[in-house]
Amino acid sequence: MELFKVLLELITLPAFILGLIALVGLLIQKKSTSEVIVGTIKTILGLLIMSIGIGALINALIPIQSMFQVGIPAAGFETFVTFDEAVVGAVQSANEANIGAAIAWTMLFGYIIHLVLARVTKFKYVYLTGHMIWIHAGAFAILFQSFGLSLFWTVVLASIVDGAYMTLAPALAQPVMRKIIGNDSIAFGHGQTLLNMVGAWVGKLVGDPNDSAEDAEMPDSLNFFRDMAISISLIMVVVALIAVILAVLQIGIAGVQETISGGQNWFVFALLQALGFTAGVLVLLQGVRMLIAEIVPAFKGVADKLIPGAIPALDCPVIYPFAPNSLIIGLISGTIGQVLGMVGLALIGWPVPLPSMIAAFFASGAGAIFGNATGGRRGAWAGGFIWGFVGWFMISFAYKFQVFGDLAGMGAIDLGFTVPDAIIPGIVIWLIAKIFGV
Amino acid sequence: MKIATICGMGFGTSMMLKLFIEDVFKAKGITGHQVIPWDLGTFKGQQVDLVVAPTDMKSHLKGSETKVVYIKNLVDKQEIEEKIVAAIKELESK
């Protein structure tokens, strides 16, 4: 019995469930014994590494947040970091009420439902963006578990929504993708779809696709934002310095060093927290990388057999080479949108997501490319801006009203979701649940 | 041969390039190569034989001692096939 109990405890651990999924995937692909063992162990290690990164990231974030709290006097506003990988990673590693297991099972069954839907409906898309498969499984599992459902019903409902999302979102974006790429060879598989489509619709209203942003010459000097380590460091150093200066203005240097930095020089402390946060993100991403490295090829292997000729739905950077100018316009207009969104949110007293260069580059960049496809240069500016501005309100809404439940209580302290494809269905389902009094 | 595909995060575009390269290898019956997705931040200092990256990463990979193949159209299997098969041939003949 004791052995049985140990086994049961082991197989309900999220890391081992994901290891199990990888194991089956590797076996289906008929990999060699050594590859199967290595792949399975690496997948398990991925989740454990992720939790170490999350710990470092949150440890660095908490003092920055407390500096904001001290620095912005009462009746001010609350700030948080919007970062999907960190939310799902933190919740899954903390594993409150075994939510991590629900996430892992949703990732598997959601994908199975997706493949079945792609097989039987006319939407022949196969979603292959690994971290997005994981994030959406996580978001929907967290959402349904927050209604107080059992593990079984959480996994059933979350998998259905997740499977439907992965099948329908690429179909929704395909008319615009066809304009961007010129053919139907690939589809869009990233959680940005809904806001990118808003960008495309607005682009159509305000601009002219023949006046393409791609006709102009643009410098590519902003390209360094692609290096995660650099872009996150830069933004976090600025954020931490603003936080510490605000705190110093309120309680003085001595006050900060006494109550927050543990005696360390205020400037050095702020710098270290910013870089410590970045280091945590890099460790987290290493974990994500190991987690999905084995699972994505396995999913693709099954999809190739089950749905021959399906269109692969891929990560957002596949469209960048088709519209490099729009990408830069998106980075600029998205940053402006974020800053104006922050000001607006602070004015109405809602929680303020700190600026994110990841969102500005990857999300507003893609939004601008969608906008350019339907509305040319003006569309590109609108698409990037909308992602930053409207996106910031949407992100704040989900955080403020706890659409996904008490994320902080589940381990994701001061963290919120970013992608509209998780947040908007999340809000709709949350509202329906409210109406029924859940 | 060890081939690294590179992107900013190390699991999006690089993973996709890996899958496409493996499709090409499978279709052409090429074996004996390992394709690893990698991120821009940590790939320096790694021992690989060939690096594959999107063209817009050129400025980040300048000065790489390993041979780098740049892919312009990430979804064009023809381009991927031609460039990578040629690069492998070149490296193997050395």
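The preceding data block contains the structure.
Summarised in this report is the structure supplied together with it. (Residues numbered from 1 in each chain as written. Chains lettered and ligands numbered in written order. Predicted model: local features only at pLDDT ≥ 70, side-chain atom pairs only at ≥ 80, totals over all residues.)

For helix H10 (residues 266-306) of chain A, spanning 41 residues, the distance from its first C-alpha to its last is 58 Å, which sits close to the expected 60 Å at 1.5 Å a residue. Along its length, H10(A) reaches its greatest deviation from straightness, about 35°, at A:Ile292. (Helix = DSSP H or I, 4+ residues; strand = E, 2+ residues; numbered from the N terminus. Expected span 1.5 Å × (residues − 1). Bend = angle between axes of the 7 residues up to and from the residue.)

Residue and element names in this part refer to chain B. With parallel pairing, four strands are arranged side by side in an open sheet as S2-S1-S3-S4. Among the strands making up the open sheet, the edge pair consists of strand S2 (34-39) and strand S4 (67-71). For this sheet, the mean angle separating the axes of adjacent strands, direction not counted, is 25°. By the bridge criterion, six bridges tie strand S1 (residues 2-7) to S2 in an arrangement that is parallel. Looking at S2, one finds that Cys7 is bridged to Asp39. (Pairing = 2+ DSSP bridges. Axes fitted to C-alpha atoms, helices over the stretch in contact; angles between N-to-C directions.)

Further remarks concern the packing of helix H8 (residues 193-206) of chain A against helix H12 (residues 357-400) of chain A. All names here are of chain A. Relative orientation of the contacting elements H8 and H12 amounts to 130°, with a least axis distance of 7 Å. Judged by the inter-axis angle, H8 sits oblique to H12. Judged by the sense of rotation from one axis to the other, the crossing of H8 with H12 is right-handed. Looking at the contact of H8 with H12, its residues break down into 13 nonpolar, ten polar and two charged. (Parallel < 35°, antiparallel > 145°, perpendicular 65-115°, else oblique. Left-handed = near helix turned anticlockwise from the far one by under 90°. Nonpolar A, V, L, I, M, F, W, Y, C, P; charged D, E, K, R; others polar.)

What follows is about the interface of chain A and chain B. Each side of the interface is counted separately: chain A has 27 residues, and chain B has 24 residues. Among the elements of the structure, helix H6 (130-145), helix H9 (228-259) and H10 of chain A are those that each provide at least two residues to the side of chain A that touches chain B. Ranked by residues supplied to the side of chain A that touches chain B, first place goes to H10(A) with nine residues. Its residues assigned to classes, the side of chain A that touches chain B comprises 17 nonpolar, five polar and five charged. (Contact = placed C-beta atoms within 7 Å.)

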